[in-house]
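Coordinate inspection notes
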Amino acid sequence: MTDVAIVGAGYVGVPLAQVFADAGRSVLLVDRDAERVATLNRGESYIEDVPSDELKRLVDAGTVRATTDYDELRDCDAILIALPTPLSKQREPDLSIVTGAVDEIARRLRPGHLVVLESTTYPGTTREEVLPRLEATGLKVGEDFHLAFSPERVDPGREDWTTKNVPKIVGGVTGACTERAAELYGTAVDTVHRVTSPESAELTKLLENIFRSVNIALVNELAQMCERLGIDVWEVIEAAATKPFGFMSFKPGPGLGGHCIPIDPFYLTWKAREYGFYTEFIELAGKVNENMPYHCRSLISQALNHGREKSLKGSKILVLGVAYKPGIGDMRESPALKVIELLQTAGAEVSYHDAHVPELTELGLSSVPLETEPYDCVAIITDHGGIDYEALVDDAAVIVDFRNATGAKGKNAPNVWKL
Ligand SMILES: NC(=O)c1ccc[n+]([C@@H]2O[C@H](COP(=O)([O-])OP(=O)(O)OC[C@H]3O[C@@H](n4cnc5c(N)ncnc54)[C@H](O)[C@@H]3O)[C@@H](O)[C@H]2O)c1
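The present account deals with the structure reproduced in this document. All values derive from a computational prediction rather than experimental measurement. (Residues numbered from 1 in each chain as written. Predicted model: local features only at pLDDT ≥ 70, side-chain atom pairs only at ≥ 80, totals over all residues. Heavy atoms only, no water.)

Here the focus is the overall build of the chain. For the chain, the helix and strand inventory stands at 13 helices and 15 strands. In summary, the chain has a C-alpha radius of gyration of 23 Å against a globular reference of 22 Å for 419 residues, a match within 12%. Each of the three principal axes of the chain carries a C-alpha extent, and together these read 75 × 50 × 40 Å. Of all 419 residues assigned to the chain, the portion counted as buried reaches 52%. Partitioning the contacts of the chain with sequence separation of at least 6, the portion at a separation of at least 24 is 67%. Carbon together with sulfur atoms contributes 51% to the accessible area of the chain, which is approximately 18800 Å² in total. Taking the average location of the 42 positive side-chain charges in the chain and that of its 63 negative ones, the two points are 3 Å from each other. (Helix = DSSP H or I, 4+ residues; strand = E, 2+ residues; numbered from the N terminus. Rg over C-alpha atoms; globule rule 2.2 N^0.38 Å. Buried < 20%, exposed > 50% of the residue type's maximum accessible area, 1.4 Å probe, protein only. Contact = heavy atoms within 4.5 Å. Areas by Shrake-Rupley, 256 points an atom, 1.4 Å probe, with all protein chains shown as cover. Lys, Arg positive; Asp, Glu negative; His and termini not counted. Charge placed at Lys NZ, Arg CZ, Asp CG, Glu CD.)

Structure follows, in structure tokens:
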């Protein structure tokens, strides 16, 4: 028997497997991608938060194993689902990956199983989409099997707050379901916080992401206004952050990225419409944030105009950092993709440098060495560590800094334009 199966061996599933395995539980990762499964079984990690040497140790000890075979779920006590929950082209929730996997799980469901959905989703998913599929087997929730929702709150690349020490929210379909899930997570993570229903747990995760999206939109709007007023938005945010209470600092940037913030809020928007409710804060934040790559193009154009007397057309531009945030190579929803596309459409010759992203296959580009010549402009989209931004200020003809990476030196430099 295996203690825990995790369906979906991605950014969420692999760190979760490590946390359970470190706590002495046996873990089976189930993924449809045979290449990923083979890689994991060799003890090699493709997730930056889980170092290969640590994974190898767990694989060699027999505590972590991976498979493509759903049949192996029959011999597992608990089944945790960590699968993608994207939006459709019409920006509506696409639960097909989750529901497809739940159908597979239902075929193997047996008395005693605990099933937990971890994927971010709208309130009601566990009860309306997962439960009926599992109960169609004839087994009864709370009696024969247990079902709960427990959102993953991991922030890839972050070292202070990890899957282990971020409190785990748990909401079961019945009280017994909550207790069973809380007991399991309690063996592996530092803190478990119980809520009274899966809906509360589902909405908790969405509230966290919407909170970020709305506050980022606020400072993005402020940044655009500050540009017209000639005020340094970074200085203002830094000053406001000295207030010891009632203010939380968010930073403007070239747009939202990652699997969560640009997508998850719209799961709630969709669900709210079913009740004739319009989530206006979410829509407005989406509008402001989605406009940021266009604002980037406009700033780069102005900087070229003033700094080089050049237009975007024909200019050589180096985009510095393309991952959606510093320290990792995750390109999902990265605003750099949109910025590069806009610059290329305007006729600029765009190259990029990112040590974490050697290839940008969707744009047919490869990372080039970091040089300031022969570029007309260096646009800092992602402020990875390990780059001497001060030297860049000395060497580059024109810099447009969307992350305040050039700091105090960039503040007074005539060749630096800041968001
Ligand atoms: N990445 C994050 O930072 C983060 C943080 C918190 C919550 N979440 C949420 O967690 C969920 C999972 O996200 P992720 O980032 O780990 O996704 P991911 O894309 O990194 O990983 C998903 C894995 O599932 C596999 N897969 C896809 N369909 C499958 C199927 N039918 N059966 C088995 N395996 C299948 C893929 O091969 C992949 O390995 C999402 O709902 C996401 O919103 C993500």
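Moving on, we come to empty space enclosed by the protein. By rolling a water-sized probe across the atoms, one finds the places where empty space is left. Applying the stated rule across the entire model yields one cavity of 30 Å³ or more. Approximately 40 Å³ is the volume attributed to the largest cavity. Its residues assigned to classes, the lining of the largest cavity comprises three nonpolar, one polar and three charged. (1 Å grid on protein atoms, 1.4 Å probe; cavity = no way out; pocket = protein on both sides within 12 Å on 5 of 7 lines; lining within 4 Å. Points joined across faces, edges and corners; volume = space filled by probe spheres on them. Nonpolar A, V, L, I, M, F, W, Y, C, P; charged D, E, K, R; others polar.)

Let's shift gears to a nonpolar patch on the surface. A cluster of nonpolar side chains, Leu222, Met225, Leu229, Ile231 and Val236, forms an exposed patch at the surface whose accessible area comes to about 400 Å². Here the nonpolar patch gets three residues from one element, more than from any other, and that element is helix H7 (residues 198–229). Within the fold, Leu229 resides in helix H7. (Patch = residues over 30% accessible without salt bridge, like charges linked within 9 Å, V, L, I, M, F, W, Y side chains within 5 Å. Salt bridge = Lys/Arg side-chain N within 4 Å of Asp/Glu carboxyl O.)

For the rest of this paragraph, the subject is the site of the ligand. Taken together, 25 residues sit near the ligand, with Val12, Asp31, Arg36, Tyr70 and Thr85 positioned nearest. Contacts to the ligand include Tyr70, whose side-chain N or O atom sits 2.7 Å from a nitrogen atom. In this structure, Arg332 approaches the ligand through a side-chain N or O atom, which is 3.2 Å from an oxygen atom. A total of 830 Å² of accessible area belongs to the ligand in isolation, and the protein chains cover 91% of it. Of the residues that constitute the shell around the ligand, the class distribution is twelve nonpolar, six polar and seven charged. (Near = heavy atom within 4 Å. Polar contact = N/O pair within 3.5 Å; in protein donor to acceptor, adjacent residues only side chain to side chain.)

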